[in-house]
Amino acid sequence: MSNRPILVIGSINMDLVIKSSFIPKPGETVIGESFYRACGGKGANQAVTISKLGGNCYFIGKIGSDSFGAELRENLIKNGVIIDYLTEDDLEPSGIAFIIVDKKGENSIVVAPGANMKLKREDVERALPIILQAGTLLIQLEIPIETVEFSLSLAKKYNLMTILNPAPVRQRIDKEIISLADIITPNRSELEKITETELKDDGDIIKAGKKILEYGVKWVIVTLGSRGVIGIGKDREIFIPAIEVSPIDTTGAGDVFNGALTLRISQGESLEKAMRFAVICAGISVTRKGAQSSIPTLEEVNNFIEKEGIEV
Ligand code: ATP
Ligand code: RIB
């Protein structure tokens, strides 16, 4: 079992969340139910997941010099994420996400990225000492695309395993960037945008996944919300159903899945077992509110597995 550090490069946001019975249509105003603030951002959520599940995780990201930034930093420290390469921008505010969560736990999110868009290649280069020690890089798309491409290239140069969570997809991502990933983890709509195809059923999802394999990616792992996840490889597919729970807030479920999957693969677990474990962690997270606040610890996951008698 490898204990080499895992590197997460990505976004960090303060999530401002309103619970509402439904998500308003354009032009509509609705009276919501309650408001809460939670630490979020896809990169930070994934880093916190790895750390809470027992991994040795370094996070490279950027906050503003403001009170949200200070709170976000404290939360990373509290959860054991190593923040030697978390930097502050003097001009831009910390990233903010406005989130509406409906009665089914589904969400709608708008992000004002602020300082996240100031995360540049120099910030990644500064972390070279840790890149040389790390075994795995996990990265998403809530930071400048040039930084994503540079980070993946550098990770490849130093033989790290690379996992790209292509979220959110803003525009078509270049084939060159995708080909730098060993594993790519889109959700269904991200897969549609990347491959520019309409996905009507699982057959279409598998076909689209196979198209991405042609770029040189080893596995395409597509998350399907309450249905679970499907892994598409060269010679086989792996389907893992989601666990049955009553969702309260699905914000960050994909991040928990990605963090847990990355941790277990980097510890030498088989892909199928890592996917099973990650599906359980993500399933637990949707039963709690907030992004980082909903992430289970390893002890909580183990207790759940024992209580439910789940085979992993
Ligand atoms: P988000 O953007 O909200 O982080 P996502 O779209 O990236 O999420 P999803 O496919 O919605 O990712 O969810 C990731 C994983 O979380 C799923 O593969 C599943 O295992 C788990 N999950 C999500 N929703 C539910 C649910 N309602 N019940 C059980 N498990 C769920
Ligand atoms: O994936 C969920 C995350 O997306 C939220 O925490 C929000 O900050 C946005 O980055």
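Residues numbered from 1 in each chain as written. Chains lettered and ligands numbered in written order. Predicted model: local features only at pLDDT ≥ 70, side-chain atom pairs only at ≥ 80, totals over all residues. Heavy atoms only, no water.

Trainee: Would you take a moment to explain the site of ligand 2 for this structure?
Mentor: In the vicinity of ligand 2, the contacting residues are N13, D15, G40, G41, K42, N45, A97, E142, G252, D255 and A291. Within the side chain of D15, an N or O atom sits 2.6 Å from an oxygen atom of ligand 2. One of the backbone nitrogen or oxygen atoms of G41 is found 3.0 Å away from an oxygen atom of ligand 2. Secondary-structure elements contributing two or more residues to the shell around ligand 2 are β2 (13–19) and α1 (42–52). (Near = heavy atom within 4 Å. Polar contact = N/O pair within 3.5 Å; in protein donor to acceptor, adjacent residues only side chain to side chain. Helix = DSSP H or I, 4+ residues; strand = E, 2+ residues; numbered from the N terminus.)

Trainee: Explanation requested: the site of ligand 1 in the structure shown.
Mentor: Looking at ligand 1, there are 20 residues lining it, with N187, T223, G225, G228 and G254 nearest. At 3.4 Å from an oxygen atom of ligand 1 is found a main-chain nitrogen or oxygen belonging to G252. Protein contacts shield 87% of the accessible area of ligand 1, which totals 620 Å² for the unbound molecule. When residues of the shell around ligand 1 are traced back to their parent elements, those giving at least two are α9 (253–266) and α10 (271–285). In terms of residue class, the shell around ligand 1 is made up of nine nonpolar, ten polar and one charged. (Areas by Shrake-Rupley, 256 points an atom, 1.4 Å probe, with all protein chains shown as cover. Nonpolar A, V, L, I, M, F, W, Y, C, P; charged D, E, K, R; others polar.)

Trainee: Would you mind going over the nonpolar core with me for this structure?
Mentor: What tends to happen in soluble globular proteins is that the nonpolar side chains get buried as a cluster. Counting residues in each nonpolar core, the largest one holds 47 residues, and the members touching the most others are F59, L76 and I221. The element best represented in this core is α10, accounting for ten residues. The residues contacting L76, other than those within four sequence positions of it, are I12, A44, V48, F59, V81, I83 and L86. Judged by nonpolar contacts, the second largest core, of 43 residues, contains A127, L164, V222 and I230. (Core = buried A, V, L, I, M, F, W, Y, C linked by side-chain atoms within 4.5 Å. Buried < 20%, exposed > 50% of the residue type's maximum accessible area, 1.4 Å probe, protein only. Contact = heavy atoms within 4.5 Å.)

Trainee: What's the story with the sheet that holds strand β4 (residues 57–64) in this structure? I'm lost.
Mentor: Across a sheet, paired strands are connected by hydrogen bonds in the backbone, their directions being either parallel or antiparallel. With mixed pairing, the nine strands of this open sheet are ordered in space as β5-β4-β1-β8-β9-β10-β11-β12-β13. The sheet is open, and its two borders are formed by β5 (86–89) and β13 (237–241), each paired with just one other strand. Of the pairings in the sheet, the one linking strand β10 (residues 183–184) to strand β11 (residues 219–223) comprises two bridges and is parallel in character. Bridge assignment links I184 to a residue of β11, and that residue is V220. (Pairing = 2+ DSSP bridges.)

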